[in-house]
Amino acid sequence: MSEPPSYPQIEPTTFDLIAAGTGLAECIVAAAASASGKTVLHLDTNPFYGSHYSSLSVPELTSFLNSNSTPSSPPSSTSTTTDSLDYSIVNLTTQPVYSDVEISCFYPELLEENLRKFNLDLCGPRVLFCADKLIDLMLKSGASHYVEFKSIDASFVGDGNGKLWNVPDSRAAIFKDKSLTLKEKNQLMRFFKLVQGHLVATVAAGSSGDDGNGNDEKEGKTKISDEDLERPFIEYLSNMQLPPKIRSIILYAIAMADYDQDDRGVCQNLLKTKDGIDRLSLYQSSVGRFTNASGALIYPVYGQGELPQAFSRRSAVKGCIYVLRMPVTALLMEKDSGRYKGVRLASGQDIFSQKLVLDPSLTLASPSASPSDLLHESFNFLSTRDVRGKVARGICITRNSLKPDMSNLLVVYPPRSLYPEQITSIRALQISGNLAVCPLGMFVLYLSALCDDAIQGKRLLNAAMNVLLTFPDSVNSESSSTVQSENTEEKPTVIWSGLYIQEMSTVLHILNFSLTISIPRVHTHVDIGMASILFQGQFDSINFAPMPDGNLNYNDISDAAVKLFQEMYPNEEYFPETTPPENSEDDIGLSLET
């Protein structure tokens, strides 16, 4: 019988902020709080940093997915208990955030010696635009000193015939692209020129040269009308008489739209022209931002798990204390006021803080109706997460590249490009050993697609995998509704694969809540805003961090971290400005390499 783990004692025992979980949002918030002079204790159940944003070896990834796809064992006492002290104990537990985990190893002899030489992204595929908010934040906060990036070689739009069409990211790339006809090149150039003119005119809109009708006579640039900016982007592109191929490249490979923009009946996120233009602006401003980054997209060396670690290292410099392998097992609540007081750790030690940020997989254990019916009623609604759909993710290990002359590349399959019922984009990102995520000579392919359920999600992933890859035993033959590539023998063969479904959730704030007010039963689906009206107390200390979303970049996660910090510390500056080194921006730790 194995001995129970030995946990260290933590000193001091009182902090301004406790963060349970080292996901990206939690690490950003902890770094921001530390930079503002707050005392921070950062804990994680796992022996590694990153939580749901980590990069793991093959055994670690398999173990993590399996352990987080089944409900955890209930605490020894699921009831809300009362100590002889001045606070009550409310047990925490973890709830599954992954499901339908499917791990397949086709050539174990090839992987046996290299199992721990992989850094597989749990939330892939992910890349960063050079002009992303997160890049700006890393430069501002100093986290950029702790991570290196390399460029993604190219982006493509794929079809069901196995063809990959290049996504041009600059005027020079448009002219060099042999897959575009001369007419298509001219159409794309005119459109990019129009977008650039709109952006220039918008910046200069307050100058005296603005005639008030959207035209900047001084600059000779024309703004897109407000009416056009509010209409669906697909309509604006159609009115510009852009052909379907060009529209598809703009919508799904540059603006990164998720759902079929042509079908409003199934499109859950219809992109407006103003939002589409903003995304094009992000793409264009990313190209050439860093002199040693060849394109718009970059990827961190050693995997996406380096990003939470970079902010963690920045926090540690400012005095944040990190303790891994330390589960948080319960909340401490004041008996009299019902306010949050602190947490109880797996070691049995009680640690106190004013604010708390919890990993999104943590939830309250269901208490029995005794000994405190009021406590039971009041905490019911806190046991729910704000789940916002699902994302299907896949990881495949191969020994050959999708493109013989390229190592790191992105492929987007627009809606309906693989089979008629495909209503969302499918994204595939190939990363090679030169980014230290796998042994040299091997490649990792990440895939993802938004979905409603596991059946839909697995079908989306399998459709893309069938076009791009070869499986030794035709394990995906049931999904062969897509047309196979004519050059099947040239497709990379899968050595290992992992498919899983991940829940998505947003930031959840527990606002204005008191346990001492007698109210009717509040069910678990109660609206948080309504709860704040019902309780009208002073419980504004607990926040849940978000799960990874289905986006390719981290802009929404970065925004969520800002929201978390501002909710907790409305009067504090978010990462106060510090004196930068004398080096130029290109040298401030990003270490971008081509």
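Rules of the game
- Residues numbered from 1 in each chain as written.
- Predicted model: local features only at pLDDT ≥ 70, side-chain atom pairs only at ≥ 80, totals over all residues.
- Heavy atoms only, no water.
- 1 Å grid on protein atoms, 1.4 Å probe; cavity = no way out; pocket = protein on both sides within 12 Å on 5 of 7 lines; lining within 4 Å.
- Points joined across faces, edges and corners; volume = space filled by probe spheres on them.
- Helix = DSSP H or I, 4+ residues; strand = E, 2+ residues; numbered from the N terminus.
- Nonpolar A, V, L, I, M, F, W, Y, C, P; charged D, E, K, R; others polar.
- Contact = heavy atoms within 4.5 Å.
- Polar contact = N/O pair within 3.5 Å; in protein donor to acceptor, adjacent residues only side chain to side chain.
- Buried < 20%, exposed > 50% of the residue type's maximum accessible area, 1.4 Å probe, protein only.
- Salt bridge = Lys/Arg side-chain N within 4 Å of Asp/Glu carboxyl O.
- Core = buried A, V, L, I, M, F, W, Y, C linked by side-chain atoms within 4.5 Å.
- Pairing = 2+ DSSP bridges.
- Phe/Tyr/Trp six-rings, centres within 6.5 Å; stacked < 30°, edge-to-face > 60°.
- Axes fitted to C-alpha atoms, helices over the stretch in contact; angles between N-to-C directions.
- Parallel < 35°, antiparallel > 145°, perpendicular 65-115°, else oblique.
- Left-handed = near helix turned anticlockwise from the far one by under 90°.

Some thoughts on empty space enclosed by the protein
- In total, this model carries three cavities of 30 Å³ or more according to the counting rule given.
- For the largest cavity, the calculated volume is near 50 Å³.
- Looking at the largest cavity, the residues that line it are Asp258, Thr424, Ser425, Arg427, Ser448, Ala449, Leu450 and Gly550.
- Here the element with the most residues in the lining of the largest cavity is strand 23 (residues 443–451); it accounts for three residues.
- Here the lining of the largest cavity is built from residues that sort into two nonpolar, four polar and two charged.

A few points about the environment of Ile103
- Note on placement: Ile103 falls in strand 6 (residues 98–105).
- A C-alpha to C-alpha distance of 7.5 Å links Ile103 and Thr62, two positions 41 residues apart in sequence.
- The residues touching Ile103, leaving out its near neighbours within four places in the chain, are Thr62, Trp496, Ser497 and Gly498.

Thoughts on the side chain of Gln422
- Positionally, Gln422 belongs in the loop between strand 21 (409–413) and strand 22 (426–432).
- Separated by 3.2 Å, the side chain of Gln422 and the backbone oxygen of Tyr413 make a polar contact.
- Beyond its immediate sequence surroundings of up to four residues, Gln422 is in contact with Tyr413, Pro414, Pro415, Arg416, Ser417 and Leu460.

Some thoughts on helix 9 (residues 244–254)
- With nine of 11 residues buried, helix 9 lies mostly within the body of the structure.
- Those residues of helix 9 that fall on the buried side of the exposure criterion are Ile246, Arg247, Ser248, Ile249, Ile250, Leu251, Tyr252, Ala253 and Ile254.
- Buried residues belonging to helix 9 abut strand 10 (154–158), strand 11 (164–166), helix 6 (182–203), helix 8 (233–239), helix 10 (273–286) and strand 21.
- At the C-terminal side of helix 9, Met256 shows a positive phi close to 60°.

Overview of the pattern of salt bridges
- Scanning all chains against the criterion turns up 17 salt bridges.
- Note that Arg231 is salt-bridged to Asp228, the shortest N-O span being 3.2 Å.
- A network of salt bridges, in which partner residues are shared, links Glu227, Asp228 and Arg231.

Things to note about the nonpolar core
- Grouped together as the largest cluster of nonpolar side chains are 68 residues, with contacts concentrated most on Phe118, Leu120, Phe191, Phe233 and Ile250.
- Counting residues per element, this core draws most heavily on helix 9, which supplies seven residues.
- Discounting residues that sit within four places of it in the chain, Phe191 has contacts with Phe233, Tyr236, Leu237, Met240, Leu242, Ile250 and Leu280.
- By size, the runner-up hydrophobic cluster in this structure holds 43 residues, among which are Ala33, Ile135, Ile557 and Leu564.

Considering the pairing of strand 18 (residues 350–358)
- With eight of its nine residues buried, strand 18 lies for the most part within the structure.
- Two strands pair when backbone bridges link them, and strand 1 (residues 14–20) and strand 18 are joined in this way by six bridges, in the parallel orientation. In the strand pairing of strand 18, Ala19 is matched with Val357.
- Across three bridges, strand 17 (residues 340–345) lies against strand 18 in antiparallel orientation. Residue pairing for strand 18: Arg344 is matched across the bridge by Asp350.
- Across three bridges, strand 18 lies against strand 26 (residues 542–544) in parallel orientation. The residue of strand 26 that forms the bridge with Leu358 is Phe544.

Some points on the packing of aromatic side chains
- With the rule as written, the count across this model stands at 11 aromatic pairs.
- Relative to Tyr98, the ring of Phe64 has its centre 6.1 Å away and its plane inclined at 70°; by these criteria the two rings are edge-to-face. Of the two residues, Phe64 is situated in helix 2 (residues 58–67) and Tyr98 in strand 6; the sequence distance between them amounts to 34 residues. The burial state of Phe64 is the same as that of Tyr98; both residues are buried.
- With centroids separated by 5.9 Å and ring planes inclined at 65°, the aromatic side chains of Phe129 and Tyr283 adopt a geometry described as edge-to-face. Of this pair, Phe129 sits in strand 8 (residues 128–129) while Tyr283 sits in helix 10; the two residues are 154 residues apart in sequence, bridging distant segments of the chain.

Some remarks on the packing of helix 1 (residues 24–35) against helix 15 (residues 555–568)
- Across the interface, helix 1 lies against helix 15 with an axial gap of 9 Å and an inter-helix angle of 45°. Classified by the angle their axes make, helix 1 and helix 15 are oblique. Seen from above, helix 1 lies across helix 15 with right-handed handedness. Contacts between helix 1 and helix 15 involve Leu24, Ala25, Ile28, Val29, Ala32 and Ala33 from the first element and Ile557, Ala561, Leu564, Phe565 and Met568 from the second.
- Looking at side-chain class alone, the contact of helix 1 with helix 15 contains 11 nonpolar, no polar and no charged residues.

Comments concerning unusual backbone geometry
- The linkage connecting Glu11 with the following residue, Pro12, adopts the cis geometry, with an omega of 0°.
- Among the structural elements, Pro12 can be located in the segment before strand 1.
- For the peptide bond that leads from Gly124 to Pro125, omega is 0°, which places it in the cis range.
- Mapped onto the elements of the fold, Pro125 is located in the loop between strand 7 (120–121) and strand 8.
- Even without being glycine, Arg325 reaches a positive phi, approximately 55°.
- A relative accessible area of 53% means that Arg325 is categorised as exposed.
- Positive phi, normally seen in glycine, also occurs at Phe575, with a value near 55°.
- Mapped onto the fold, Phe575 is located in the segment after helix 15.

Concerning the environment of Ala131
- By the element assignment, Ala131 lies in the loop between strand 8 and helix 4 (133–141).
- In the structure, Ala131 is positioned 150 residues away from Ser281 in sequence and 9.4 Å away in space, judged by C-alpha atoms.
- Leaving out residues up to four positions away in the same chain, Ala131 has contacts with Asp136, Leu282, Ser285, Ser286 and Arg289.

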